[in-house]
Amino acid sequence: MTIGELISPSKKAMVVTGIMTGVAAVFSVVPYIALTEIAVRWMGGTRDRLWMWAIFAIGAALVSQFLYSIGLGLTHVAEAKLRHALRKDLVRSLGRIPLGRVDQTSSGSIRKMVVDDTASIHTIVAHLAGDATFAGVSLIGGFAYLLWVDWVFSLVLIVLWALILAVTGAIANAHATEIMNKFSAAQTRLSAAAVEMVEGIKEFKNFQAADSARTRFNDARQSFSDISYDWTNKFGRGMSITYAFLHPGSVIATVAPLAVLFVHKGWMEVGYTLPFFMIGIGIPSGLMQLVSLMQHLYEARQAAQDTAELISAEPMSEGETLSDDGPQPGSVKFDNVTFGYDADNPVIHGISFTAQAGTVTALVGPSGGGKTTLARLIARFYDPDSGTVRIGGVDVREVSFEWLLSRVAIVFQDIALAHDTVAQNIALGHENIPFEKIEEAARAACIHDRIMRLPHGYDTVIGSEGGFLSGGERQRITIARAYLHDAPILILDEATAQADPQSERAIHQALSALSVGRTVIIIAHRLATVANADQILVIEEGTLIEAGRHNELIQRGGTYAALWQAQQIESYVEEQ
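Residues numbered from 1 in each chain as written. Predicted model: local features only at pLDDT ≥ 70, side-chain atom pairs only at ≥ 80, totals over all residues. Heavy atoms only, no water.

Here the focus is unusual backbone geometry. With a phi close to 60 degrees, Cys-446 is a non-glycine residue in the positive phi region. Structurally, Cys-446 can be placed in the loop between α16 (435-444) and α17 (448-452). One non-glycine residue, Asp-486, adopts positive backbone phi at about 55 degrees. (Helix = DSSP H or I, 4+ residues; strand = E, 2+ residues; numbered from the N terminus.)

Given below as structure tokens:
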């Protein structure tokens, strides 16, 4: 998607605004013409009908301001609508691209794209057509009038100003593109570091890592400051010199000697020097406005380019929504699946297994072995590089996301609750659902009694109004959400990882109720919690090295048996 395609919904308003502000610019020159004619007639002793020129001046000024204001109003409204639409498109795009890509993108980067970049596009839509057209036509119209008054005087001024602009512009733009690219990248890093520090402040403090978080933020801040200083030193210095030469005082200093010379030589009347002092000052001011607009426009174009790239990112392909649960309802099957976040470095190597409907399959093994990656492949956070993942006997790439995600409920160890009521958090994705269903899900998740102790019960906003929940309680809210989702396949990724012993018992009770009649894929670190699983898969370094029931694996004396023995010794030591 090009930038033009991105802002296409606003093009009609921009064209209309360009026409209106162009006409407004023409009218803006009329008052100067009128004042010049009044001055010439007054000094020449011909004072008839001066009031007509005064009316022209006042009328033209009013018409110019009216057209300009209405024109900019149109593009501002169009920009507000476009920004709203772009943010919807961005969020929609985030839902269409691989979920894994979203998961790997920092919150700060996403915030910049959705909030900051869409706001930066304001300059292109709201001001480019209006301000640029007004400034450009004003410059052309004003200079055309000056040429009509005295073309020799006008050309001398233009040559002088052109030389000044050429020199100062070369100084200002020597490193502009390179610095602006660095500036944009540094801004993204700073935003990401700030969001990371704020979102993770509890964990940073808990593990006495606040200094480390501050260090990353300070490094990003320092880099941003250094680039900002570099921009000011190289680009800003040239712009300051340019503005100094185009300042009204400097312009008068160039116009006045020429005016004296031309009047002294009898080349022009005194009265006709007036427009060179009035419009002559306006021409450099208009140029400065255009230069300033171009600076903002460059940043806006960068933001628009990033936004266009995300919106036009290739979405994950999807098939049709099936009318049933597939030929093998509730089953999960991996067929020689290989996957890597980097295609040249696989983290899953040729794994095959089947989880029959209504059974419990446990994924265990050392940390970093690929267990969570397998779970996310089931929900199609990513597509395998080779092999096939099937749900209900159907390749997950051949069905719609709606069908797939209606068959899979996921309870991750990373708890994601919205700043909303408890009821809305449980009912996520279900509109107009009866309250009785929400309460039923909460009771099944063993969290109803705790909710009723909150200040406003189910209407309590989580994170405020006293709605603060422990990690285990928040986990049970997500379990209630999964219960309400009522999917035939349940994925549990270390669901008790953040729970205290009391909450862990409640969570196990909730998961037992939730698992009845469902196909369960559970990732567990504590092997005792999955000893009764129908099958246990031992994953190490992305490879399935053992599979079987608990007793079978113990008898083999392999990796699972070693992990079990180590945990038994650890539990014994803790009890002592």
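Turning our attention to the pattern of salt bridges. Within the structure shown, the criterion is met by nine salt bridges. Two residues, Asp-325 and Arg-407, come together in a salt bridge whose shortest N-O distance is 2.7 Å. In this pair, Asp-325 sits in the loop between α12 (274-311) and β1 (332-339) while Arg-407 sits in helix α14 (residues 401-407), placing the two residues 82 residues apart along the sequence. In this structure, Arg-549 and Asp-534 form a salt bridge, with 3.8 Å as the shortest nitrogen-oxygen distance. Within this pair, whereas Arg-549 is found in the loop between β10 (543-548) and α20 (550-556), its partner Asp-534 is found in the loop between β8 (519-523) and β9 (535-540), the two being separated by 15 residues in sequence. According to the relative accessible area criterion, Asp-534 is partly exposed, its value standing at 34%. (Salt bridge = Lys/Arg side-chain N within 4 Å of Asp/Glu carboxyl O. Buried < 20%, exposed > 50% of the residue type's maximum accessible area, 1.4 Å probe, protein only.)

Okay, the sheet that holds strand β7 (residues 489-493) next. Each strand in a sheet pairs with another by means of backbone hydrogen bonds, the pair being arranged parallel or else antiparallel. Overall, mixed pairing links the six strands, which are arranged β6-β7-β8-β3-β9-β10 in an open sheet. The sheet is open, and its two borders are formed by β6 (408-411) and β10, each paired with just one other strand. Neighbouring strand axes in the sheet, compared pairwise and without regard to direction, differ in orientation by 15 degrees on average. Sheet topology places strand β3 (residues 360-364) next to β9; four bridges connect them, and they run parallel. Pairing of Leu-363 across the sheet is with Leu-537, part of β9. Across the sheet, helix α18 (residues 471-485) touches β6 and β7, and the angle it forms with β6 is around 175 degrees. (Pairing = 2+ DSSP bridges. Axes fitted to C-alpha atoms, helices over the stretch in contact; angles between N-to-C directions. Contact = heavy atoms within 4.5 Å.)

Moving on to the packing of aromatic side chains. Aromatic rings in a pair are described by how distant their centres are and how their planes are angled relative to each other. Considering all chains together, one arrives at ten aromatic pairs under this definition. Their ring planes at 85 degrees and their centres at 5.9 Å tell us that Trp-53 and Phe-56 sit as a pair that is edge-to-face. Taken as a pair, Trp-53 and Phe-56 lie in helix α3 (residues 50-96) at a separation of three residues, close to a single helical turn. For Trp-53, a relative accessible area of 23% puts it in the partly exposed group. Overall, Phe-56 belongs to the partly exposed group, its relative accessible area being 42%. With 5.0 Å between their ring centres and 40 degrees between their planes, Phe-339 and Tyr-382 make a pair best called tilted. (Phe/Tyr/Trp six-rings, centres within 6.5 Å; stacked < 30°, edge-to-face > 60°.)

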